[in-house]
Amino acid sequence: PPLIRREDYRPFPWLVPEIALDFDLGLEATKVTATLTVARNARADTSQVIRLNGDGLQPLSVAVDGELVNDWTMDGGDLMLPLPGEAHEVAIVTEIDPSANSQLMGLYASNGMLCTQCEAEGFRRITFFPDRPDVLSIYRVRMEGPKAQFPILLSNGNKIAEGEGEGGRHWAEWHDPWPKPSYLFALVAGDLVARSDSFTTMSGREVALNVWVRAEDLPRTGHAMESLKKSMKWDEEVFGREYDLDLFNIVAVGDFNMGAMENKGLNVFNTKYVLADPETATDGDFDAIEGVIAHEYFHNWSGNRVTCRDWFQLSLKEGFTVLRDQLFSQDMQGEAVKRIEDVRVLRSVQFPEDSGPLAHPIRPDSFREISNFYTATIYNKGAEVIRMMRTMAGPAAFRQGTDLYFERHDGEAATCEDFVRAMEDGAGLDLTKFRLWYSQAGTPKVSADLSHEGEVATLTLRQQVPPTPGQPAKHPMPVPLKLALFDRETGTHRGEQLVMLDGAEKTIAFEGFAQPPVLSINRSFSAPVSIERHVPREDLVFLAARDDDAFARSEAMQELVVGHLVAAAGEGLDENERSEGRAAIREALTAILVDPGLDDLMRGELMVLPGETYLAEQMLIADPGRIHAERESLKAWLAGELGRELRDIHARASSVPYSLDRAARGARKVKTLALSLLAAGDPERTADLAAGQYDAADNMTDRQGALMVLAGFPSAARTDRLIDFYRRYRENPLVIDKWFSLQAMSLHPDAIEHVKALRQHEDFTLRNPNRVRALYMAFAGNPHAFHAASGEGYRMIADMILELDPINSQTAARFVSPLGRWRRMEPGRAALMRGELERIAAATGLSRDTREQVTRSLG
Ligand code: B3K
Ligand code: ZN
């Protein structure tokens, strides 16, 4: 497949101001008539032919200005149609089989309903069209089908007409007044019911809101609706963005390749990000739903009103919208905890991506399959880059920048450069050098050294941006670092300051320190860099106990543990070093467990030990077996040392009754965290405690948490509760997904065997992406099983990729990256991982998605 390059962008020679789509709906056969109004694009090169993208389509008929024509040709899947004049009407008929569409791109069947997914290039699987984001059209959609089968007919915009036909058929016509690219088109037809509500916008317009689900799911839609209303209000207050249609529909679909999709006025969601009640959804699920609903809603401005010129600009909408949803969730759920969680995701997913074979800038220069670029880099690092602009400008100036961006580019397909310019003009920033963050891949490494002489503390900062594929040499980038210097006697500092590291090195002198101060740096994670701070261990213990920046406090705790475990799993520790390292961690953790000033949600964050992927990331060459063993042994030691404190927390938290408020959610969080630490020290006693928590649970958070711990070691309680859980929830696919996941993630020594057995379970299917991810993403994220020294974990993932690829290539390709980490593994595992990648590469008929990822990973 060809390499598509950003620099090759050319505007499309034709405009398509209007399109009328007529659907004759059927699960096995849907006939589509597309009527396009086309006119020459004065801003582009002229062409005598129009290229209409298609993927697996055959035209049944083609007409130009009402006359059937046959002078068209096919180029690959695309239809090439000669057009001699300035403006024409083109009408094309195609027929598709939604029931055979296992890729879940284009129009497909899910549970007897029909729905669409078009981003990025799915529209071309429905009809021939210039399927690129810079061609904007007004859509009119008519659909007709059997009423009993498809009582609800939805598309973008407003319903303008509907009626009954003969033989139990009915039809509806929809019109979307806002010009949009084809990737934002959507259609849904099925037997659905809605939770309905309304929202009055800041200018007093009333918007009808619906969350559409299957009848049995209706009781679990309340949280989604509340989240939607909060998002609408927040976007008005914080970004000045008002909704622009009289109707907003959300539809939940059980078979979906990702989280959700922001189609104009008709968001289509994975059921996982809509349905929730305390009995079946965890606190984490509630938060995720709120965040994803907000994200898709926010796209209405950052993505839909202002869209992307081409797919290289993807981060323009995704990075910005992730930042918007993060800021929203910070306001809803609490700033510190949300920030810590977002940084944890960045570090455990994006940092490895940025240091591996798939590294790419947030604005890539080339790709073969765009679906492979919906990455943590585009999304999460993209959000961090815009967050840095906000940090440098301050919230008020940042808002002026975004206002200018929306005002300048409303109705346009814009570029990342447009965004940066609006920020310069609106927020008053000079981003000349900062633009490097868009073009350079790789996580900058910043070292911080603090020296002290007389009354002066001197901070020396140095940065280095590591080489990445295709980018051997890098320039230093502007890095905004928030920092504070603590007086170690009083435990206070003189105020936080923002320091710009704008070259390779910078030295700053701070006067008036009789004693060497304690350095708190990259507070609130002001820059997405990895900091090497050369400070004594007691400084980290100090900060872990008293830093007033909650993020920096958690950071100190993490660093303490990371430093210890990386040394232990790397060159090794002698007995003395080991006991000193452990003692420091115990001291810091004790302070956290008993600190009455902490609320439990925050305490929970501070109790989370760094994950094994992140630890491996800190080592040049990692031995996952040793990392796992060292981390488990630290947990066991801590459990022994702090058993009483942990059991006290568990008992105290267990007495808090269920509610969704902060205190109760915090109690549930520390309860299960205490349990999982205790489990490492005393499995037998903890099994009883966990079984008790399971049996007493009146909510999914407690129940799942207890079962997760139980699943980790052989016991009768484990088997009993796994069977009970399955029986209780067998009718609820989202909960059964959890059942698959928690076994695949477990610390149980036989986790590999369990996954093999689950693959054969009657409820497992490769056709449902949620189920595939539940089993195999969980497994690939379970280091002791995935990295089994035998290579069996690698083989299982490779087998699954090969089996899934012909069914759903987009989902299959997502599993390549865990194998792509081979270069950073000890030689034995590296060879095994590489071997599996080569086996995949040797397969014939591999999809473009998987082919690209495997080739890059071996590269
Ligand atoms: N924009 C969609 C993602 C589409 C992914 C296509 N492979 C959801 C989102 O980011 O909001
Ligand atoms: Zn998005």
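Residues numbered from 1 in each chain as written. Chains lettered and ligands numbered in written order. Predicted model: local features only at pLDDT ≥ 70, side-chain atom pairs only at ≥ 80, totals over all residues.

## Some remarks on the packing of helix H4 (residues 335–354) against helix H5 (residues 376–393)
Item 1. Two elements in contact, H4 and H5, have axes whose closest approach is 10 Å; the angle formed by their N-to-C orientations is 115°. Crossing handedness for the pair H4 and H5: left-handed. Touching Val345, Leu346, Val349, Gln350, Glu353 and Asp354 of H4 are Ala376, Thr377, Asn380, Lys381 and Glu384, all from H5.
Item 2. Considered class by class, the residues forming the contact of H4 with H5 number four nonpolar, three polar and four charged. (Axes fitted to C-alpha atoms, helices over the stretch in contact; angles between N-to-C directions. Helix = DSSP H or I, 4+ residues; strand = E, 2+ residues; numbered from the N terminus. Left-handed = near helix turned anticlockwise from the far one by under 90°. Contact = placed C-beta atoms within 7 Å. Nonpolar A, V, L, I, M, F, W, Y, C, P; charged D, E, K, R; others polar.)

## What about the environment of Gln618?
Item 1. Counting through the fold element by element, Gln618 comes out in the loop between helix H13 (612–617) and helix H14 (624–641).
Item 2. Assessed through the 19 C-beta atoms surrounding it within 10 Å, Gln618 is described here as partly exposed.
Item 3. As a C-alpha pair, Gln618 and Gln330 span 288 residues in sequence and 28 Å in three-dimensional space.
Item 4. Those residues in contact with Gln618 that sit more than four places away from it in its chain are Val562 and Val566. (Buried ≥ 20, exposed ≤ 12 C-beta atoms within 10 Å, placed from the backbone.)

## Focus on the sheet that holds strand E27 (residues 479–486)
Item 1. Judged by pairing direction, the sheet is antiparallel, and its three strands sit side by side in the order E28-E27-E30 without closing on themselves. One side of each edge strand has no neighbouring strand; the edge strands of this open sheet are strand E28 (497–501) and strand E30 (518–521). Averaged over all pairs of adjacent strands, the angle between their axes in this sheet comes to 35°, without regard to strand direction.
Item 2. Note: E27 against E30, four bridges, orientation antiparallel. (Pairing = 2+ DSSP bridges.)

## Some thoughts on helix H1 (residues 222–239)
Item 1. For H1, spanning 18 residues, the distance from its first C-alpha to its last is 25 Å, which sits close to the expected 26 Å at 1.5 Å a residue.
Item 2. Every buried residue belonging to H1 is among His223, Ala224, Met225, Ser227, Leu228, Ser231, Met232, Trp234 and Asp235, and all of these are buried.
Item 3. Residues of H1 that are buried make contact with strand E17 (193–200), strand E18 (206–213), strand E19 (247–253), helix H2 (283–298) and helix H3 (314–333). (Expected span 1.5 Å × (residues − 1).)

## Observations concerning unusual backbone geometry
Peptide bonds are, in most cases, trans, and in most cases residues other than glycine have a negative phi.
Item 1. In this chain, Glu119 is followed by Ala120 through a cis amide linkage whose omega measures 0°.
Item 2. Positioned with a positive phi, Leu104 is a non-glycine residue whose angle comes to about 60°.
Item 3. Secondary-structure assignment places Leu104 in the loop between strand E9 (87–96) and strand E10 (106–110).
Item 4. Phi at Asn522 takes a positive value of approximately 55°, unusual for a residue other than glycine.
Item 5. Its place among the elements puts Asn522 in the loop between E30 and strand E31 (530–534).

## Focus on the domain arrangement of the protein chain
It is common to give the size of an interface as the accessible area lost on bringing the parts into contact.
Item 1. Domain boundaries in the protein chain define domain 1 (1–191), domain 2 (307–439), domain 3 (445–532), domain 4 (642–715) and domain 5 (730–859).
Item 2. One C-alpha centre belongs to domain 4, the other to domain 5; they are set 30 Å apart.
Item 3. The interface of domain 4 with domain 5 comprises seven residues on the first partner and six residues on the second.
Item 4. Of the residues assigned to the side of domain 4 that touches domain 5, the class counts are five nonpolar, two polar and no charged. (Domains from an automatic or database assignment.)

## Side note on the sheet that holds E31
Item 1. Taken in spatial order, the four strands make up an open sheet running E29-E26-E25-E31, and their pairing is mixed. Edge positions in the sheet fall to strand E29 (505–510) and E31, since each of these pairs with one other strand and no more. Within the sheet, the average angular offset between the axes of one strand and its neighbour, ignoring direction, is 20°.
Item 2. As paired elements, strand E25 (residues 445–453) and strand E26 (residues 456–464) share nine bridges and run antiparallel to each other. Within E26, the position partnered with Ala448 by the bridge is Leu461.

## Digging into the confidence of the model for the protein chain
Item 1. Overall, the prediction assigns the protein chain a mean pLDDT of 98, with 100% of residues at 70 or greater.
Item 2. Among the scores for the predicted complex, ipTM is 0.99 and pTM is 0.99. (pLDDT = per-residue confidence, 0-100.)

## Considering the nonpolar core
A general tendency of soluble globular proteins is for nonpolar side chains to be buried together.
Item 1. Residues Val188, Val251, Val268, Val274, Leu710, Leu775 and Ile797 are the most contacted members of the largest nonpolar core, which totals 248 residues.
Item 2. Sorting elements by how many residues they give to this core places helix H10 (residues 550–569) first, with ten residues.
Item 3. Contacts of Val274, omitting those with residues within four sequence positions, involve Val211, Val213, Thr221, Ala224, Ile250, Ala252, Phe269 and Ile289. (Core = buried A, V, L, I, M, F, W, Y, C linked by C-beta atoms within 7 Å.)

## Focus: the UniProt feature "domain: Aminopeptidase N-like N-terminal" (unreviewed entry) in the protein chain
Item 1. Those places that UniProt annotates as "domain: Aminopeptidase N-like N-terminal" (unreviewed entry) correspond, in this numbering, to residues 23–184.
Item 2. As annotated, residues 23–184 comprises 0% helix and 52% strand, and the C-alpha atoms at either end are separated by 17 Å. (UniProt positions renumbered as here; feature names shortened; annotations may be inferred.)

## Considerations on the environment of Pro610
Item 1. Here Pro610 is to be found in the loop between helix H12 (600–607) and H13.
Item 2. Owing to 21 C-beta atoms within 10 Å, Pro610 belongs among the buried residues under this scheme.
Item 3. For Pro610 and Ser524, which are 86 residues apart along the polypeptide, the C-alpha to C-alpha distance reads 17 Å.
Item 4. Pro610 has contacts with Gln558, Val561, Val562 and Leu615, leaving out every residue within four places of it along the chain.

## Here's the deal with the pairing of E9
Item 1. Inspection of the sheet shows strand E3 (residues 30–40) paired to E9 by ten bridges, in the antiparallel sense. For Ala39, the partnering residue across the bridge sits in E9 and is Ala87.
Item 2. Judged from the four bridges that link them, strand E5 (residues 61–64) and E9 form a sheet pairing that is antiparallel. Pairing of Ser61 across the sheet is with Val93, part of E9.

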